[in-house]
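Now for the letters of each chain:
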Amino acid sequence: MNPTDPILTVQAIHTFIGQFHILEGVSFTVPRGSISVLLGRNGAGKTTTLKSIMGMTPPREGTILFDGQNLIGKRPYHIAQLGIGYVPEHRAIFKELTVRENLEIAERKRGDLARRGDLIFDLFPDLKRLYTLLGGNLSGGQQQMLAIARALVPDNRLLLIDEPSEGLAPVIIEQLMSAIERLSAQTTILLVEQNFRMASKLAQLYTIIDDGRSAISGSMSDLVRDEALIQRYLGVA
Amino acid sequence: MLRQRTSWITIIILIAALLIFAAATSRNLGTFGITVLSGLFQAMLLFLVASGLSIIFGLMDVLNFAQGGFFMIGAYVAYDVHHPGGLIDMTGAIPNADLRFFLSILAAIVIGALLGAFLERGLLRPLYARPIFQLVLTFGVSLVLVEAVRFIWSTTPYSWTALFSVREGYFTLFEQQFSTYRLFVIGIGFFLIVAIALLLQRTRIGIIIRAGVEDSGMVEALGINVRAVFTLVFTFGCAVAAFGGAIAAPFLGASIGMSSSFLLSAIAVVVLGGLGSYVGTAAGSILVGLAIAVMANYSAEFLNLPVLASMTPMLLLVLVLLLRPSGLFGERR
Amino acid sequence: MKERAIPWVFLLILVSLIAFPFIVALLTGSSPLGVARGDRMIMRGESVRWQAVLIEIFLLGILAMSYNLIFGFTGVISFGHALFFGMGGYTIGLLLEFTDLDTTSALIFGLIGGLALAALLGLIIGLVSLRLQGVYFAIFTLAVAEMFFIFFGRLQLTRAEDGFAITDLPVWLDPTQSRLTFYYIVLAVFVLTFVFIRRLVNSPTGAVFKAIRENEDRASAIGYNPLTYKLIAITIGGVFAALAGILQVILNKKVGPELLSVTYTVDPLLMTIIGGIGTFTGPVIGASGLHLLDTALREQIVTIGSTTIRVADSWSLLLGLIFIAVVLIFPQGIVGTWMRWRARRVRLSSPPKGAENPVQADH
Ligand SMILES: Nc1ncnc2c1ncn2[C@@H]1O[C@H](COP(=O)(O)OP(=O)(O)OP(=O)(O)O)[C@@H](O)[C@H]1O
Ligand SMILES: [Mg+2]
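Here we take up the overall build of chain A. Of regular secondary structure, chain A possesses 10 helices and 10 strands. Scaling as 2.2 N^0.38, a compact globule of 237 residues should have a C-alpha radius of gyration of about 18 Å, and chain A matches this with 17 Å. Expressed as lengths along the three principal axes of its C-alpha atoms, the size of chain A is roughly 45 × 40 × 35 Å. Across the 237 residues in chain A, those meeting the buried criterion constitute 54%. In the form shown here, chain A has an accessible surface area of approximately 10,100 Å², with 49% of it arising from carbon and sulfur atoms. Taking the 25 positively charged and 25 negatively charged side chains of chain A as two groups, their mean positions are separated by 4 Å.

Here it is, written out as structure tokens:
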């Protein structure tokens, strides 16, 4: 891992939703091959940061560089096609589509699913069994796996994963964690995670977002030891 | 799934009740047959307007008030191409009436598609952030279409005079003559119901549309140019409505009143079926089409109150909105 | 919100409107009363001609203001406004022509009855359907209005499509006899409507209307029931629309299903949008502008190359195109755009503020 070779650079972005100024200067970098995590209280602006990267809530100011390309002004589908996979919060899979269709729709080239099938079913063996079920009939954990699997269908170089552990049982969280860990061998991952234990185990780097601003970034191993900092920004010990 | 099943049972019971009522109030099997046939005929035309309305609303959250206008335009274009005089006179170039009819349908589809694409790209696209204005805009466009027809053609309704083979045919059943053209339209309608269903279920674009109905933002985040899909679907919806007008014209002629009457009936259909639900739209079309025919027959035979028949779709619409605004197959909101 | 004083511009306009028939009369050398022929008056001459134009503007203005109360200030989109207009007209028409009441009682009961019926319809429609969300409410109102339109178009009692003429008007009210009197009556109603709606919108109730328009959930979160307030808006809007309908029937001395047609929904919608949604003067400016344009262009004949186009034939088409253009290009309408432009000039000359707010001023 070479911190001078970031795959993603977010520089001083300002994002508005309607007339509300939600992000007021968020900056951080994501090194190639790393797992980085965005931390912060509820409503701090973590999801909005991911959506800003995806172009779903386009920033009004600032720059976002992905592999040297500026993402500002590009439409979400275009940004996705550059090689970014988005796993939204609340497991936004398509409930009226079967598991198979949920995966097929993510194909960017014909045959994507066939090529990546082995990897996906290796990570999430359950999905094979559920292949013809409607997304809405899956359990919460299965839906989360499907949401991540969906982002794996095309060749993405960066995955944005928003709170995968939300509302899941500890056993399932363990499964997810090992899947994400194995994934990071292949792609860079930017995670949003409230579950500090999970975040601290997975990620090498963190950025804390507080009230729409990036407050502090650094390496996870430093943060784990700095209880005052954790207490101040995250309210967890 | 369970909900789907109860929806199916409800709609089947409703259709059965209508048929029984029709049978009980018909003088003989012949008039019953006529009622059912004209009901299904009406149903298929409604489906052609309503399917676009429903899918467009589901996918893009735009209630296209101009959908009835496209139906009307289709009727006028088909009439114009098929008959001597008018804007385009093809009678000399293509004396064969059947071929000319085929061509007039094609012309209606093309015009509907072009106008639809223009409406979406040029007028609706800038307004996706302002849904109320989209509503107001499509409402305005529906009036402009009527005025354009008034300007280009005439204010008096046209009735179809140049006959061709399918239009002229009759067959006899229960000592009653039935028009083959009605059967022809019903056949086309059923074919399209199945074809569009297959398109939605089996093709990639179909998957994208169904996913987009749920969450178009997420579809776009997967790398799919959703706006292009919007344009495609809108264009297709308008073309299908224009096609409906074209095949209706040989029977219903072409008139300005078609626009609002088909729009309101089609809205009744989609609200009844559940906006955005394809199955609901197909089933709702059949129900509303039959209801109109049954009421027309009943009020003509017994009540001497022809108003009732023309008010049936509106009455149905108001009732459904009051009793069950999310419709039979709709998401409960 | 503080009640603002009536700006002097409004007073100036009011005075000129009162003097208007006489000014035109002076300028053109015609009589503001028309021409006497025996014991009857003939409505001939520039002054009475222009009175008719202004009467129509006042009528349309009342209708547009009533629509703006519902759509512009409360944010409820109704496509059935013609229902109120038409039912007001039918009520007074029916009482005048189809009952044994003497003319004065028929007029009084027609006025009260028409307004009461509109209020009742507004209440009923609101009660049963306001819980429907945006699109569904628009559909519902359109369907109800269309139902009445079809019904009265076929009702033999009221001569179906042809409608019936009002023959039984007292001379003092009859616009073909005493147009000047009618001019002042309509002007008075117009001014009262304007003042009433302005006060209502500037009252605490009006503040809730606007809160609902901006964000319904937030309005209900701070303890107002949006349904109640929408009901108030639609009922009051309906009553004023009926008032316009009643005056229209007296003006044209004719009742017919066209009063219930979608035209009387589209016109106020158009005028409100063109003039400026959610502004006080917008609907009036929209109504004046469109009606003046209509009267000016109706007689025109445009020749492009070898084709001659009578504007009258394509007037509605033209209107529709203007409508679409305005929705796309100036969604704030004339008044709204002007206020934005002025606000921007003010902002440029003073230090910039944070977020831009939609301008709400006393216009
Ligand atoms: N559509 C919207 N309109 C207004 N404010 C919004 C909207 N969406 C988000 N916000 C606000 O933006 C802020 C940041 O929201 P965001 O979803 O990014 O937070 P988050 O850090 O992801 O929180 P959580 O951990 O709860 O998911 C919040 O205060 C939220 O209320
Ligand atoms: Mg979040």
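Let's pick the thread back up.
Along the backbone of chain B there are 12 helices and two strands. Secondary structure elements of chain B occur, N-terminal to C-terminal, as α-α-α-α-α-α-β-β-α-α-α-α-α-α. By the compact-globule yardstick of 20 Å for 333 residues, chain B fits well, its C-alpha radius of gyration being 20 Å. Taking the principal axes of the C-alpha coordinates as reference, chain B spans close to 60 × 55 × 35 Å. Relative to its full complement of 333 residues, chain B shows a buried share of 59%. For chain B, restricting intrachain contacts to residue pairs at least 6 apart in sequence, the fraction spanning at least 24 positions comes to 76%. Per element, the accessible surface of chain B, about 13,000 Å² overall, is 69% carbon and sulfur.

What follows covers the nonpolar core. With 307 residues, the main nonpolar core has Leu8 and Ile53 of chain A as its most contacted residues. Here this core gets 18 residues from one element, more than from any other, and that element is helix H2 (residues 29-60) of chain B.

Another aspect to go through is the side chain of Ser259 of chain B. All names here are of chain B. Its location among the elements puts Ser259 in helix H10 (residues 257-273). Given the relative accessible area of 5%, Ser259 is considered buried. From its side chain, Ser259 meets the backbone nitrogen of Gly69 in a polar contact 3.5 Å long. Not counting residues up to four positions away in its chain, the partners in contact with Ser259 are Gly68, Gly69, Met72 and Val146.

What follows concerns the sheet that holds strand E9 (residues 205-210) of chain A. All names here are of chain A. Reading across the sheet, the six strands line up as E6-E7-E8-E3-E9-E10 and stay open at both edges, with mixed pairing between neighbours. The strands lining the two open edges of the sheet, one partner per strand, are strand E6 (84-87) and strand E10 (213-219). If you compare each strand with its neighbour and ignore which way they point, the axes differ by 15° on average. Where strand E7 (residues 158-162) and strand E8 (residues 188-192) come together, five bridges link them in parallel fashion. Directly across from Asp162, in E8, lies its bridge partner Val192. Along the sheet, helix H6 (residues 140-152) contacts E6 and E7; its crossing angle with E6, the most-contacted strand, is approximately 170°.

What counts, and where the lines are drawn
Residues numbered from 1 in each chain as written. Chains lettered and ligands numbered in written order. Predicted model: local features only at pLDDT ≥ 70, side-chain atom pairs only at ≥ 80, totals over all residues. Heavy atoms only, no water. Helix = DSSP H or I, 4+ residues; strand = E, 2+ residues; numbered from the N terminus. Rg over C-alpha atoms; globule rule 2.2 N^0.38 Å. Buried < 20%, exposed > 50% of the residue type's maximum accessible area, 1.4 Å probe, protein only. Areas by Shrake-Rupley, 256 points an atom, 1.4 Å probe, with all protein chains shown as cover. Lys, Arg positive; Asp, Glu negative; His and termini not counted. Charge placed at Lys NZ, Arg CZ, Asp CG, Glu CD. Contact = heavy atoms within 4.5 Å. Core = buried A, V, L, I, M, F, W, Y, C linked by side-chain atoms within 4.5 Å. Polar contact = N/O pair within 3.5 Å; in protein donor to acceptor, adjacent residues only side chain to side chain. Pairing = 2+ DSSP bridges. Axes fitted to C-alpha atoms, helices over the stretch in contact; angles between N-to-C directions.

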